[in-house]
Amino acid sequence: MREVTIKRVSTSDHGTVGFVSIDGKFFGYSMERPERGNRRSISCIPAGTYKVEWGRSPKYGRCYHVKNVENRSHILIHPGNYGGDTLKGFRSDTDGCILLGKRLGSLIYNMKRQKTVLISRPAVRKFNAALNKESFLLTITKEYKNA
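Residues numbered from 1 in each chain as written. Predicted model: local features only at pLDDT ≥ 70, side-chain atom pairs only at ≥ 80, totals over all residues. Heavy atoms only, no water.

Participant: Any details on a nonpolar patch on the surface? Residues and values, ideally.
Facilitator: Nonpolar side chains collect at one region of the surface, where V9, F19, F26 and L104 lie side by side and expose about 330 Å² of accessible area between them. Residue position: F19 is located in strand β2 (residues 15-22). Among the residues examined, F19 registers a relative accessible area of 33% and is labelled partly exposed. (Patch = residues over 30% accessible without salt bridge, like charges linked within 9 Å, V, L, I, M, F, W, Y side chains within 5 Å. Areas by Shrake-Rupley, 256 points an atom, 1.4 Å probe, with all protein chains shown as cover. Salt bridge = Lys/Arg side-chain N within 4 Å of Asp/Glu carboxyl O. Helix = DSSP H or I, 4+ residues; strand = E, 2+ residues; numbered from the N terminus. Buried < 20%, exposed > 50% of the residue type's maximum accessible area, 1.4 Å probe, protein only.)

Participant: Give a description of the pairing of strand β4 (residues 48-57) that names residues and reports values.
Facilitator: In the sheet, β4 pairs with strand β10 (residues 136-142) via five bridges, with the strands oriented antiparallel. Note on β10: the bridge partner recorded for Y50 is L138. When β4 meets strand β5 (residues 61-66), the two strands line up antiparallel, connected through six bridges. Pairing of S57 across the sheet is with G61, part of β5. (Pairing = 2+ DSSP bridges.)

Participant: Outline the nonpolar core, listing residues and values.
Facilitator: The tendency in soluble globular proteins is for nonpolar side chains to be buried as a group. Residues V66, I77, F127, F136 and L138 are the most contacted members of the largest nonpolar core, which totals 23 residues. Among the secondary structure elements, those contributing two or more residues to this core are β1 (2-12), β2, β4, β5, β6 (75-78), β7 (98-101), α1 (120-130) and β10. In this structure, V66 is in contact with I45, Y50, K51, V52, I75, I77, I98 and L138, ignoring residues within four places of it in sequence. Formed by five residues, the second largest nonpolar core is a distinct cluster that contains Y29, M31, L99 and V117. (Core = buried A, V, L, I, M, F, W, Y, C linked by side-chain atoms within 4.5 Å. Contact = heavy atoms within 4.5 Å.)

Participant: Can you tell me about the pairing of β2, naming the residues and giving the values?
Facilitator: When you tally the buried positions in β2, you get seven out of eight residues, the bulk of the element. If you look at the hairpin formed by β1 and β2, you'll find two residues sitting between the two strands. Across seven bridges, the pairing between β2 and strand β3 (residues 25-32) is antiparallel. If you follow V20 over to β3, its bridge partner there is G28. Between β2 and β3, which pair antiparallel one after the other, the connecting turn spans two residues, and D23 there sits at a positive phi close to 50°.

Participant: Give me the environment of R62: which residues, what numbers.
Facilitator: Mapped onto the elements, R62 comes out in strand β5. In this structure R62 comes out as partly exposed when scored by relative accessible area, which is 43%. For the pair R62 and R103, spaced 41 residues apart in sequence, the C-alpha separation works out to 23 Å. If we ignore the near neighbours within four places in the chain, the residues touching R62 are W54, G55 and R56.

Participant: Tell me about the packing of aromatic side chains, residues and numbers included.
Facilitator: On inspection of all chains with the given rule, the structure shows nine aromatic pairs. Ring geometry for F127 versus F136: centroids 5.8 Å apart, planes at 80°, classification edge-to-face. Judged by relative accessible area, F127 falls into the buried class, the value being 1%. One aromatic cluster is present, built from ring pairs that chain together F27, W54, Y64, F127 and F136. Taking NZ or CZ as reference, K112 lies 4.5 Å from the ring centre of F90, over its face. (Phe/Tyr/Trp six-rings, centres within 6.5 Å; stacked < 30°, edge-to-face > 60°. Lys NZ or Arg CZ within 6 Å of the ring centre and 35° of its normal.)

Structure follows, in structure tokens:
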């Protein structure tokens with residue numbers, strides 16, 4: 001089974017940023033919601049290893065679904081740029097899913113610069129093609145100290 005790794009390198013009100021590797025080779029970047037104790041719709045999922053399967057989402061169509069996340073469901077890998085804490089005035093394109101991008105950057109939202117992943121749709125298309133829509137193991141590690 002193929003292996004995908006996300007090494008989370010920072011978390012803040014802007015979101016949680018990670019480096020994505022497929023079978024040990026650097027692929028791109030991830031953006032998730034800030035670390036908020038695995039709370040539904042506002043937090044990234046806990047670090048750990050998960051099985052990921054190809055499936056259907058009503059909103060995103062065919063995409064990858066992260067399985068067996070404790071107290072969570074419908075965790076997808078899909079396009080988007082922002083992963084901020086909406087309760088603190090930041091934008092988010094996810095309710096707890098994983099966003100992919102080819103680059104890290106920032107965009108302006110509410111007259112504030114916010115950290116983002118960029119070139120997301122092409123990154124997700126390339127990710128899906130690289131994994132050929134087959135199941136894989138996703139290992140998420142936390143490389144920063146505290147939230």
